[in-house]
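# Tertiary structure, described
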Amino acid sequence: MRKRRPEPGIRRRSSSRVAAPPTWLAVVVISAFLTAGAAHGATVIGDPARGQLLFVTKGCVECHAVRGAGGRIGPDLGRSSVKGSFYEIVAAMWNHAQTMGEKMKELRLVRPRFEGTELSDLLAFLYFLNYFDEPGDVRSGKSLFAEKHCIECHAIGREGGRTGPRLDAFPRGTPPLQIAQDLWNHGPVMISTMHARDLEVPAFRGNEIIDLFAYLRSQGQRRAPRAFKSAGDPVKGKLAFAAKGCSRCHAVFGDGGSIGPDLGRTELRGSVTQLAGRMWNHWPAMSGAMQSMGMPTPVFRNEELADVFAYLFVSRYNAAEPSVEQGLAVYREKRCASCHGMHGEGGIGPPLAPITNGQSKEEIARRMWNHAPEMSIRMNDRQIAWPR
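To keep things clear, this report deals only with the structure shown in the data block. What you are looking at is a predicted structure, and each value in this text was computed from that prediction instead of being measured.

### Here's the deal with the pattern of salt bridges
Tallied over the entire structure, the rule returns 13 salt bridges. The partner of Lys-103 in a salt bridge is Glu-106, and the shortest N-O contact between them spans 3.3 Å. You can see Lys-103 and its partner Glu-106 sitting in helix H5 (residues 97-106), three residues apart, about one turn around the helix. Judged by its relative accessible area of 56%, Glu-106 is exposed. Here the salt bridges do not stand alone but share partners, grouping Arg-113, Glu-115, Glu-363, Arg-366 and Arg-367 into one network.

### Quick look at the packing of aromatic side chains
Summed over the entire model, instances satisfying the criterion amount to 14 aromatic pairs. With centroids separated by 5.7 Å and ring planes inclined at 35°, the aromatic side chains of Phe-128 and Phe-313 adopt a geometry described as tilted. Taken together, the residues Phe-128 in helix H6 (residues 118-128) and Phe-313 in helix H16 (residues 304-315) connect sequence positions 185 residues apart. Judged by centre distance (4.6 Å) and plane angle (75°), the rings of Trp-184 and Trp-283 are edge-to-face. Of this pair, Trp-184 sits in helix H9 (residues 176-185) while Trp-283 sits in helix H15 (residues 283-292), placing them 99 residues apart in sequence. Note on accessibility: Trp-184 and Trp-283 belong to one class, buried. One cation-aromatic arrangement involves Arg-111 over Trp-369; the distance from NZ or CZ to the ring centre is 3.9 Å. One cation-aromatic arrangement involves Lys-361 over Phe-86; the distance from NZ or CZ to the ring centre is 5.0 Å.

### Quick word on empty space enclosed by the protein
Per the counting criterion, the structure on display carries four cavities of 30 Å³ or more. Considered as a void within the structure, the second largest cavity measures approximately 50 Å³ in volume. Along its surface, the second largest cavity is lined by Ala-180, Leu-183, Trp-184, Ile-209, Ala-276, Gly-277, Met-279, Trp-280 and Leu-305. Those elements that provide at least two residues to the lining of the second largest cavity are H9 and helix H14 (272-281). At four residues, the largest contribution of residues to the lining of the second largest cavity is made by H14.

So, how was this worked out
- By convention here, each chain's residues receive numbers from 1 onward along its written sequence.
- Since the coordinates come from a predicted model, pLDDT governs what is reported: local features require at least 70, and pairs of side-chain atoms require 80 or more to be given and counted, while whole-chain, interface and lining totals use all residues.
- Just so you know, side-chain values use all the structure's heavy atoms and leave hydrogens and water out.
- The term salt bridge refers to a side-chain nitrogen of Lys or Arg lying within 4 Å of a carboxyl oxygen of Asp or Glu.
- Helix and strand assignments come from DSSP, with helices taken as H or I runs of at least 4 residues and strands as E runs of at least 2, each series counted from the N terminus.
- Only protein chains enter the area calculation, which uses a 1.4 Å probe; residues under 20% of their type maximum are buried, those over 50% are exposed, and those in between are partly exposed.
- Each pair of aromatic rings taken from Phe, Tyr and Trp, with Trp reduced to its six-membered ring, is defined by centres within 6.5 Å and is described as stacked if the planes are under 30 degrees apart, edge-to-face if over 60, and tilted in the remaining cases.
- Either the NZ atom of lysine or the CZ atom of arginine qualifies as a charge over a ring when it sits within 6 Å of the ring centre and within 35 degrees of the ring normal.
- Here a cavity denotes grid points, spaced 1 Å and computed from the protein atoms alone, that fit a 1.4 Å probe unable to get out, and a pocket denotes an open set having protein on both sides within 12 Å along at least 5 of 7 lines; residues with an atom within 4 Å of a point are the lining.
- Grid points are joined across faces, edges and corners, and a volume is the space filled by probe spheres set on the points.

Here's what the structure looks like:
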């Protein structure tokens, strides 16, 4: 009997080199809440669990790592390159398509083609890489515990103050968003106490809050935490966003108040824990605005803060608000009309209406990706630069 050969162009070792963070469990949790969200009419996104598998089977892992797990030829997609909405990720892939194709030829790798929902699933996996935290630096977190004045009021082991609760009593497996929620709920008492003691209220930059939480978790108790759906539920999050009064000050793509920034259009880079840090940093401004409006400070219970962040994160998947006029200008500027006709009627390339009308943005992106090698040849023949 002949042995089954591996998929062309993919080395056999790839099958065991599954991109590490986010873990399979985390991705499955994300898949579950996306499925639930779609059932309630929320933004439809591909299956990130299947996308993680495709990242390996399509050979992406041969050149790209995800936070250290994978190849070293291309950039680490968990740390630098893949940020932003669906459109930004697709644009990044397209801009590098020609270079990637040349590199794959050099390495004798078969350029991947996508069928059905495969590209949509892969894009969902890449999109949610930004949702989960990188592993925090415990030693840096310990230093921050002192630098941010946490140690003045809170004890860990034999060190620290007694004004606030001990921070080594919760389970080591407590999700970072649970700690962030407790920090937010404790905010009014904590900030007034710090002002009374003439201490600077801590602000978090970069990965500081991730490192601090990593240290706190490392000092926790060796027992199981209570169940906490760290990924959140975007449908419940949308309801909580309104019920907690967030929508009185903040809009999400124009739906809501205008006192604070629109959280759909505002740049919200970083993991959910980093976003929680930014939310904390804006406490003084938000607190003052809420007091002037006679609003109570919102208190989050159970998984409510995770739900709100899931809602904001999923809402941004379709971040761009498409404009036909701008699209036509780009179509002409990038010289698409040179091959497909001024109005998409066709020419050297096929007419666009029959293959795009009624299709989803994911399907159009899939067809463009699969067609890219042929496009590259024809554009080189006509000395037309690759559109970026």
